[in-house]
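Structural characterization, general
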4 protein chains.
Amino acid sequence: MRINMNNQSFSAAVIGATGYTGQEMVALLARHPRLRTAFATSESETGRRIRGSTLEYVRVGDVPLGEVDVAFICLPHGEAGAWALRAREAGTRVVDLSSDLRDGSHGAVYGLTELSRDEVRDADLVANPGCYPTGVLLALAPLLTAGLVDTTRAMIVNAASGVTGAGRAAKRELLFAEVAEDYRAYGVGNTHRHVPEIRRGLAAAAGDDVPFLFTPHLLPVRRGILETIYVPVVDAADARSVVDAWQAAYAAEPFVEIRSPDLPSLRDGVLRNTVVLGAADVEAAGAPLVVAVASFDNLIKGAAGQAIQNANLMLGLCEHEGLPR
Amino acid sequence: MRINMNNQSFSAAVIGATGYTGQEMVALLARHPRLRTAFATSESETGRRIRGSTLEYVRVGDVPLGEVDVAFICLPHGEAGAWALRAREAGTRVVDLSSDLRDGSHGAVYGLTELSRDEVRDADLVANPGCYPTGVLLALAPLLTAGLVDTTRAMIVNAASGVTGAGRAAKRELLFAEVAEDYRAYGVGNTHRHVPEIRRGLAAAAGDDVPFLFTPHLLPVRRGILETIYVPVVDAADARSVVDAWQAAYAAEPFVEIRSPDLPSLRDGVLRNTVVLGAADVEAAGAPLVVAVASFDNLIKGAAGQAIQNANLMLGLCEHEGLPR
Amino acid sequence: MRINMNNQSFSAAVIGATGYTGQEMVALLARHPRLRTAFATSESETGRRIRGSTLEYVRVGDVPLGEVDVAFICLPHGEAGAWALRAREAGTRVVDLSSDLRDGSHGAVYGLTELSRDEVRDADLVANPGCYPTGVLLALAPLLTAGLVDTTRAMIVNAASGVTGAGRAAKRELLFAEVAEDYRAYGVGNTHRHVPEIRRGLAAAAGDDVPFLFTPHLLPVRRGILETIYVPVVDAADARSVVDAWQAAYAAEPFVEIRSPDLPSLRDGVLRNTVVLGAADVEAAGAPLVVAVASFDNLIKGAAGQAIQNANLMLGLCEHEGLPR
Amino acid sequence: MRINMNNQSFSAAVIGATGYTGQEMVALLARHPRLRTAFATSESETGRRIRGSTLEYVRVGDVPLGEVDVAFICLPHGEAGAWALRAREAGTRVVDLSSDLRDGSHGAVYGLTELSRDEVRDADLVANPGCYPTGVLLALAPLLTAGLVDTTRAMIVNAASGVTGAGRAAKRELLFAEVAEDYRAYGVGNTHRHVPEIRRGLAAAAGDDVPFLFTPHLLPVRRGILETIYVPVVDAADARSVVDAWQAAYAAEPFVEIRSPDLPSLRDGVLRNTVVLGAADVEAAGAPLVVAVASFDNLIKGAAGQAIQNANLMLGLCEHEGLPR
């Protein structure tokens with residue numbers, strides 16, 4: 001474990017800086033006291049000044065990857081993994097925000113910070129979690145570990161996300177006039193790209209594969225994810241046990257907030273690097289169920305903020321350095 | 001059964017015409033070829049002209065209830081029931097849009113039109129269903145009747161509604177600046193006012209009480225309800241069987257649309273008097289589940305439109321007269 | 001002047017039916033009692049069923065233009081004009097909703113219905129007005145004609161439009177996450193594409209070129225245009241004179257509503273084929289000014305609805321046939 | 001002029017802390033390194049914990065006003081002035097965010113920081129500017145001073161504000177379902193409460209009363225103001241001269257950003273304490289006009305942020321201490 005005691009500063013490259021995640025990355029780093037953006041890349045806006053900065057976008061091929069202390073890969077899935085490996089080879093620490101390496105391939109450490117802090121600290125390549133899985137796993141892992149979940153029944157995650165989660169590529173179905181006053185399920189039936197990642201995370205906590213169903217929805221808001229989770233609990237368990245398990249697991253965590261008996265709304269988790277959790281009892285629904293709710297910002301705790309948590313650890317800085325609380 | 005063959009016209013009173021439901025009632029009646037608003041009441045706007053009409057709001061006490069052919073009671077819960085009974089006593093047919101009489105008290109017929117058409121036709125007092133129950137029951141009743149549901153497990157209804165569903169009273173939590181960019185669960189744990197109504201409807205279809213969990217959410221949109229329903233199905237059943245059961249039940253229905261394999265989005269059900277249903281299979285979630293989705297307009301099919309369906313039947317008119325399709 | 005007395009029905013082709021204007025065209029025609037869509041074209045969705053219809057999209061090249069009674073050209077500017085001429089050559093009546101022929105080239109009649117009803121009635125090719133000009137010209141033309149405007153000073157039109165006005169092409173700047181919680185001016189300084197059309201219309205009413213400034217803004221709403229117009233009036237004139245001039249000009253018009261002393265909001269003009277006008281006096285701003293406000297639906301009165309008004313006239317039908325009021 | 005060189009910390013009371021301005025005040029102070037909220041008042045939520053804080057709301061009557069270094073009065077107009085005077089009498093510095101004392105009564109200094117920095121520094125009672133006037137005056141004052149405005153013609157300010165500008169009181173017309181998909185002018189004809197304040201500010205810059213017209217509009221967004229200002233300029237002047245005058249006046253200002261030739265959108269000014277200005281030329285509109293645009297956050301630069309700028313000066317701190325940039 002490295003603790004960086006002196007006031008050393010570090011440099012970062014943001015690879016793919018004009019998508020919503022890349023923009024958030026640059027915005028968060030601008031407020032980081034010890035990690036500054038040295039390079040931000042864009043193929044389409046090369047040479048243009050970054051809003052609110054003296055830096056200009058450069059081509060990814062022009063970044064001297066070996067000279068920065070950490071590279072944040074914010075490229076699209078499919079494209080990102082190769083750049084992450086290239087950056088590691090050049091000798092820099094890497095946080096890859098895509099899904100390319102989240103299965104642990106190429107020695108990448110899955111960086112759900114609260115659950116794998118020690119591995120992250122020693123890693124040179126971290127696969128930053130997907131936005132939806134971040135909330136699902138932070139909510140459910142401690143309950144599985146504590147034996148509160150009746151794993152003969154499926155956990156059902158009804159999730160809803162703001163549209164920045166769908167990326168900044170120009171697609172007709174993401175136009176304002178299509179999304180406003182609408183709301184829809186997509187990736188229904190465990191077909192969403194994040195399902196394998198959730199499956200792995202839940203299995204790791206439970207010690208075995210466990211049944212679950214994940215249904216994302218598109219909300220007409222800009223940012224934020226709210227996950228309403230139907231947790232089949234063992235006989236003696238209730239919302240109180242759920243909250244207790246969370247408190248036991250997260251008492252010292254700076255970026256998990258437990259709310260009880262209130263449930264968080266979407267806005268409670270937005271514009272900060274925190275997952276807000278709440279739980280409520282259910283009456284008269286047959287076998288015992290608890291409704292758990294997780295609220296967080298898809299671009300911060302679900303992406304760029306968590307990436308900084310991870311980079312802070314990799315660089316020996318305080319985990320919360322530069323993060324809004 | 002009355003069929004009104006000649007071109008007779010009828011008169012209606014809208015009791016409580018300035019809430020969102022009352023406004024929609026007046027707007028729909030304005031396009032009805034054979035049912036016209038003779039009186040529309042408002043205590044706060046008495047004497048003011050109704051937008052787009054030559055009619056003025058009158059006090060409810062000034063309406064000669066016995067002289068209209070049908071009275072639509074759009075007053076708040078608690079207040080509505082008494083006026084519904086008073087109107088019936090005065091000799092008019094009544095559709096009460098509140099929840100006051102939905103338990104069948106005072107001889108009110110529960111008017112989920114597709115499921116109780118014959119009783120409605122002969123009724124003098126109809127309790128119009130709540131918005132959420134309309135979609136839940138139209139989606140689930142045929143599945144229960146057909147024996148497709150494994151009733152040892154709970155049906156889970158994750159519902160989301162536009163804010164007109166919360167009424168037009170000035171409440172801080174419904175201000176634009178509170179609701180925009182937010183999304184929240186409320187009435188969690190089967191505590192919502194509509195739960196008893198859903199319970200009765202499901203029990204009627206199943207022949208017995210069946211376990212379910214209903215979780216409504218508030219969406220930052222004006223109108224529309226989307227219900228994502230997790231249906232525990234019996235072993236041989238799947239999305240195909242669900243669609244088949246719906247088609248068997250609703251083949252001749254003008255106001256139920258079945259979509260397959262696509263699922264409806266919120267907007268598919270808005271600004272029309274139709275519940276749009278869809279179903280999708282689920283892989284690898286333990287015991288068999290189907291995801292069913294119901295989309296409809298909370299103010300039309302979930303309130304004023306269905307009220308006109310019922311009134312049309314009571315008056316011997318075609319059920320779809322004056323209704324947007 | 002033709003008046004079509006018998007109950008003859010007519011057929012229409014909607015050329016370019018998947019943009020917002022084309023969709024609205026198809027939706028309005030679906031409710032038209034005597035004009036039905038026989039063909040609707042889309043190059044990208046050829047063969048797919050039109051939502052809520054039994055019709056399938058066909059390629060524009062496959063439409064037998066000579067066999068329909070009227071063709072509505074809803075293609076992009078630049079592309080539309082050529083198809084409008086081709087359709088006319090094939091012998092059908094044409095309403096072109098693009099800006100290609102609004103300068104009267106190729107004998108096209110500029111179809112601002114209320115101001116050129118007689119020419120439209122006898123036309124075989126009508127150039128349907130742009131959305132912004134529709135409101136500007138209906139508001140200002142009668143004031144210019146009546147001599148109420150001090151044309152030594154510029155009329156200033158501060159306009160705001162919902163995003164459907166910007167079309168349905170996938171552009172990054174029209175994504176929900178870009179438009180929501182934003183608002184911006186564009187085409188500032190009389191550089192918007194509609195400026196020449198406004199200039200011609202004002203000059204026609206004034207008898208000469210008159211100074212004006214048009215500044216459109218993009219609103220985070222789906223539909224509707226609200227134009228706040230600063231009218232420099234001659235010394236004796238005020239809001240009352242403005243309202244009087246409108247009433248004199250539009251007393252018999254079914255699709256112009258004059259509101260006084262209230263001013264219309266955006267929503268007052270939406271989902272109907274009506275321009276709603278209002279005027280207010282100004283105190284203490286130097287030379288006399290009146291604030292006029294025009295509100296209307298960019299897709300209906302500003303496009304598809306007005307196109308139907310024009311087609312109705314061309315076919316000898318009642319002008320208001322099939323139009324929401 | 002006091003400059004506070006040591007690291008002394010100061011305490012603040014936020015009087016009226018549950019409205020949108022009061023909430024923003026508390027949120028900004030939470031990030032201020034040297035000014036902390038010691039008391040936050042609410043009559044309706046007394047005893048409840050402030051979100052994200054260890055502080056509880058207290059009654060205004062229970063605040064020992066003489067013991068805090070500065071009091072921010074965020075009460076409604078009409079109520080605020082009396083508390084501002086009471087706080088000053090108790091011996092604390094006061095920033096009153098209401099309009100009660102903006103006419104300079106009771107010796108209050110009008111605190112448009114950029115234009116009256118020296119007076120603010122020595123003041124014990126500052127009347128913080130209204131949100132709309134902040135942008136109007138920062139945009140126009142330097143142009144008037146520089147003699148660029150043709151004051152024989154009216155400056156026309158077409159302003160649009162997010163709904164937090166209308167306050168947090170529960171009013172029907174501010175409900176989500178009323179405001180969404182709407183947009184409207186209000187206070188038309190120089191009747192808005194901010195008109196006298198604008199008039200005074202423009203007269204101060206021009207040396208005499210000058211004609212103007214101010215028309216606010218309500219936008220369906222949560223925060224931000226965009227003002228589109230039609231500036232009648234003298235013959236030789238154009239957008240370039242306007243930008244030059246701004247640059248001369250604001251070169252050293254940390255909280256004014258000048259953009260050219262782009263114009264700022266609403267979002268450019270939001271979530272920061274900065275007024276963003278831009279100007280564009282106009283062609284062919286008769287007498288010379290420039291379109292100036294000001295964008296800023298109504299709750300920050302238009303209220304709580306500017307209040308901190310003023311308090312910082314009054315306490316001898318750096319003006320930008322604790323303010324987002």
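Cut-off values and rules
- Residues numbered from 1 in each chain as written.
- Chains lettered and ligands numbered in written order.
- Predicted model: local features only at pLDDT ≥ 70, side-chain atom pairs only at ≥ 80, totals over all residues.
- Heavy atoms only, no water.
- Helix = DSSP H or I, 4+ residues; strand = E, 2+ residues; numbered from the N terminus.
- Rg over C-alpha atoms; globule rule 2.2 N^0.38 Å.
- Contact = heavy atoms within 4.5 Å.
- Areas by Shrake-Rupley, 256 points an atom, 1.4 Å probe, with all protein chains shown as cover.
- Lys, Arg positive; Asp, Glu negative; His and termini not counted.
- Charge placed at Lys NZ, Arg CZ, Asp CG, Glu CD.
- Buried < 20%, exposed > 50% of the residue type's maximum accessible area, 1.4 Å probe, protein only.
- Pairing = 2+ DSSP bridges.
- Right-handed = clockwise from strand over helix to strand, strands pointing away.
- Buried area = accessible area lost by both parts, 1.4 Å probe.
- Salt bridge = Lys/Arg side-chain N within 4 Å of Asp/Glu carboxyl O.
- Nonpolar A, V, L, I, M, F, W, Y, C, P; charged D, E, K, R; others polar.
- Polar contact = N/O pair within 3.5 Å; in protein donor to acceptor, adjacent residues only side chain to side chain.
- Least-squares fit on C-alpha atoms with pLDDT ≥ 70 in both.
- 1 Å grid on protein atoms, 1.4 Å probe; cavity = no way out; pocket = protein on both sides within 12 Å on 5 of 7 lines; lining within 4 Å.
- Points joined across faces, edges and corners; volume = space filled by probe spheres on them.
- pLDDT = per-residue confidence, 0-100.
- Axes fitted to C-alpha atoms, helices over the stretch in contact; angles between N-to-C directions.
- Parallel < 35°, antiparallel > 145°, perpendicular 65-115°, else oblique.
- Phe/Tyr/Trp six-rings, centres within 6.5 Å; stacked < 30°, edge-to-face > 60°.
- Lys NZ or Arg CZ within 6 Å of the ring centre and 35° of its normal.

1. Things to note about the overall build of chain A
In terms of regular secondary structure, chain A is built from 8 helices and 13 strands. A compact globule built from 325 residues would reach a C-alpha radius of gyration of about 20 Å, and chain A, at 19 Å, matches this within 12%. By principal-axis analysis of the C-alpha atoms, chain A measures approximately 60 × 50 × 30 Å. A sequence separation of at least 24 residues applies to 69% of the contacts in chain A between residues at least 6 apart. Carbon together with sulfur atoms contributes 48% to the accessible area of chain A, which is approximately 11,400 Å² in total. With 30 positive and 38 negative side-chain charges, chain A shows a separation of 7 Å between the mean positions of the two kinds.

2. Considerations on the pairing of strand β13 (residues 289-296) of chain C
Counting buried residues in β13(C) gives 8 out of 8 residues, a clear majority hidden from the surface. Burial along β13(C) is two-sided: the face carrying Leu289(C), Val291(C), Val293(C) and Ser295(C) and the face carrying Val290(C), Ala292(C), Ala294(C) and Phe296(C) are both buried.

3. A few points about the pairing of strand β4 (residues 93-96) of chain A
Residue and element names in this part refer to chain A. In terms of strand pairing, strand β3 (residues 70-73) meets β4 through 4 bridges, oriented parallel. By the bridge assignment, Ala71 is partnered in β4 with Val94. Following the chain from β3 across helix α2 (residues 80-89) to the adjacent parallel β4, one finds a crossover that is right-handed. Note that β4 and strand β6 (residues 125-127) share 3 bridges and pair parallel. The partner of Asp96 across the bridge, within β6, is Ala127.

4. Re the interface of chain D and chain A
Each partner contributes residues to the interface: chain D has 7 residues there, and chain A has 7 residues. Across the chain D/chain A interface, buried area totals approximately 630 Å², and carbon plus sulfur atoms make up 35% of it. Counting across the chain D and chain A interface gives 2 salt bridges. With a closest N to O distance of 2.6 Å, Arg51(D) and Asp268(A) form a salt bridge. Within the side of chain D that touches chain A, the residues separate by chemical class into 1 nonpolar, no polar and 6 charged.

5. What about the interface of chain A and chain B?
Counting residues at the interface gives 44 residues for chain A, matched by 44 residues for chain B. For the pair chain A and chain B, the summed buried surface comes to about 3,400 Å²; carbon and sulfur atoms form 58% of the total. Contact with chain B buries surface across chain A, with Glu181(A), Tyr183(A) and Arg267(A) losing the most and accounting together for 20% of the total. Linking chain A with chain B are 0 salt bridges. At the junction of chain A with chain B, the criterion picks out 25 residue pairs in polar contact (both at pLDDT 80 or more). Elements with a minimum of two residues in the side of chain A that touches chain B: β7 (155-161), α5 (176-179), β8 (184-185), β9 (212-218), β10 (225-232), β12 (275-281) and β13 (289-296) of chain A.

6. Digging into unusual backbone geometry
Residues apart from glycine generally show negative phi values, whereas peptide bonds are mostly found in trans. The residue after Ser260(B), namely Pro261(B), is reached through a cis peptide bond having omega 5°. Tracing the chain through its elements places Pro261(B) in the loop between β11 (256-259) and β12 (275-281). Its identity as a non-glycine residue notwithstanding, His106(C) has a phi of 60°, on the positive side. The backbone of Glu181(C) sits at a positive phi, close to 60°, despite the residue not being glycine. Classification of Glu181(C) as buried rests on a relative accessible area of 17%.

7. Some thoughts on the relation of the copies chain A and chain B
Superposing chain A onto chain B takes a rotation of 180° plus a shift of 0.0 Å along the axis, which leaves an RMSD of 0.0 Å. On the angle and the small slide along the axis, the relation comes out as a two-fold axis.

8. Some words on empty space enclosed by the protein
One pass over the structure, following the stated rule, counts 5 cavities of 30 Å³ or more. By volume, the largest cavity amounts to about 260 Å³. Looking at the largest cavity, it is lined by 17 residues, and the ones nearest its centre are Phe176(A), Phe176(B), Pro220(C), Phe176(D) and Pro220(D). For the lining of the largest cavity, the class distribution of residues is 13 nonpolar, no polar and 4 charged. Quantified by volume, the second largest cavity comes out at close to 50 Å³. Surrounding the second largest cavity, Tyr20(B), Val163(B), Gly167(B), Leu174(B), Leu175(D), Phe176(D) and Ala177(D) form its lining.

9. Observations regarding the confidence of the model for chain A
Scored by pLDDT, chain A comes out at a mean of 95, with 98% of its residues at no less than 70. Here the predicted complex scores 0.96 on pTM and 0.95 on ipTM.

10. Here's the deal with the pattern of salt bridges
In total, this model carries 73 salt bridges over all chains according to the counting rule given. Close ionic contact of Arg184(C) with Asp182(C) constitutes a salt bridge, the shortest N to O distance being 3.3 Å. Residue Arg184(C) is classed as partly exposed on the basis of its relative accessible area, which comes to 36%. Exposure remark for Asp182(C): the relative accessible area of 5% places this residue in the buried category. Bridged by salt links that share partners, the residues Arg51(A), Glu257(D), Arg259(D), Asp268(D) and Arg272(D) form one connected network.

11. Comments concerning the sheet that holds β12(B)
All names here are of chain B. Strand order in the open sheet formed by 7 strands is β8-β9-β7-β10-β13-β12-β11, with mixed pairing between adjacent strands. If you trace the sheet from one side to the other, it starts and ends with β8 (184-185) and β11, each paired once. The sheet contact formed by β12 and strand β13 (residues 289-296) spans 6 bridges and is antiparallel. Counted as the bridge partner of Leu277 is Ala294 from β13. In this fold helix α6 (residues 195-206) packs onto β7 (155-161) and β9 (212-218), with an angle of close to 140° to the strand it touches most, β9.

12. A word on the packing of helix α4 (residues 131-145) of chain A against helix α8 (residues 300-314) of chain A
All names here are of chain A. Running from amino to carboxyl end, α4 crosses α8 at an angle of 95°, the nearest separation of the two axes being 8 Å. In terms of axis orientation, α4 runs roughly perpendicular to α8. Every residue of α8 that contacts α4 at Cys131, Thr134 and Leu138 is listed here: Lys301, Gly302 and Gln306. A class-by-class count of the residues in the contact of α4 with α8 yields 2 nonpolar, 3 polar and 1 charged.

13. Quick look at the environment of Ala279(C)
Residues and elements named next belong to chain C. Of note, Ala279 is situated in strand β12 (residues 275-281). Taking relative accessible area as the criterion, Ala279 reaches 5% and is therefore assigned buried. Measuring from C-alpha to C-alpha, the distance between Ala279 and Glu67 comes to 46 Å, with 212 residues separating the pair along the chain. Ignoring anything within four residues of it in the chain, the contact list for Ala279 reads Ala239, Val242, Val243, Trp246, Arg259, Pro261, Leu263, Val290, Val291 and Ala292.

14. Observations regarding the environment of Leu226(C)
Structurally, Leu226(C) is set in strand β10 (residues 225-232). On a C-alpha basis, the gap between Leu226(C) and Ala285(C) in space is 23 Å, while along the polypeptide they are 59 residues apart.

15. What about the packing of aromatic side chains?
Evaluation of the coordinates by the stated rule reveals 8 aromatic pairs over all chains. With a centroid separation of 5.0 Å and an interplanar angle of 70°, the aromatic rings of Tyr132(B) and Phe214(B) are classed as edge-to-face. One end of the pair, Tyr132(B), is in helix α4 (residues 131-145); the other, Phe214(B), is in strand β9, and 82 residues separate them in sequence. Overall, the relative accessible area of 2% leaves Tyr132(B) in the buried class. In this structure Phe214(B) comes out as buried when scored by relative accessible area, which is 0%. Between Tyr183(C) and Tyr183(D), the aromatic rings sit 6.4 Å apart at their centres with planes inclined by 40°, giving tilted as the arrangement. Of this pair, Tyr183(C) sits in the loop between α5 (176-179) and β8 (184-185) while Tyr183(D) sits in the loop between α5 (176-179) and β8 (184-185), each in a different chain. Residue classification places Tyr183(D) among the buried positions, given a relative accessible area of 1%. Lying across the ring of Trp83(C), Arg86(C) places its NZ or CZ 4.2 Å from the centre.

16. Focus: the side chain of Ser11(D)
Residue and element names in this part refer to chain D. Note that Ser11 resides in strand β1 (residues 10-15). Residue class for Ser11 comes out buried when judged on its relative accessible area of 8%. Discounting residues that sit within four places of it in the chain, Ser11 has contacts with Leu35, Arg36, Ala38, Glu67, Val68, Asp69 and Val70.

17. What to know about the sheet that holds β1(D)
Residues and elements named next belong to chain D. If you trace the 6 strands from one edge of the open sheet to the other, you get β2-β1-β3-β4-β6-β5, paired in parallel fashion. A strand with exactly one partner marks an edge of an open sheet, and here the two such strands are β2 (35-40) and β5 (109-110). Taken together, the 2 bridges between β5 and strand β6 (residues 125-127) define a ladder with parallel strand orientation. The partner of Val109 across the bridge, within β6, is Val126.

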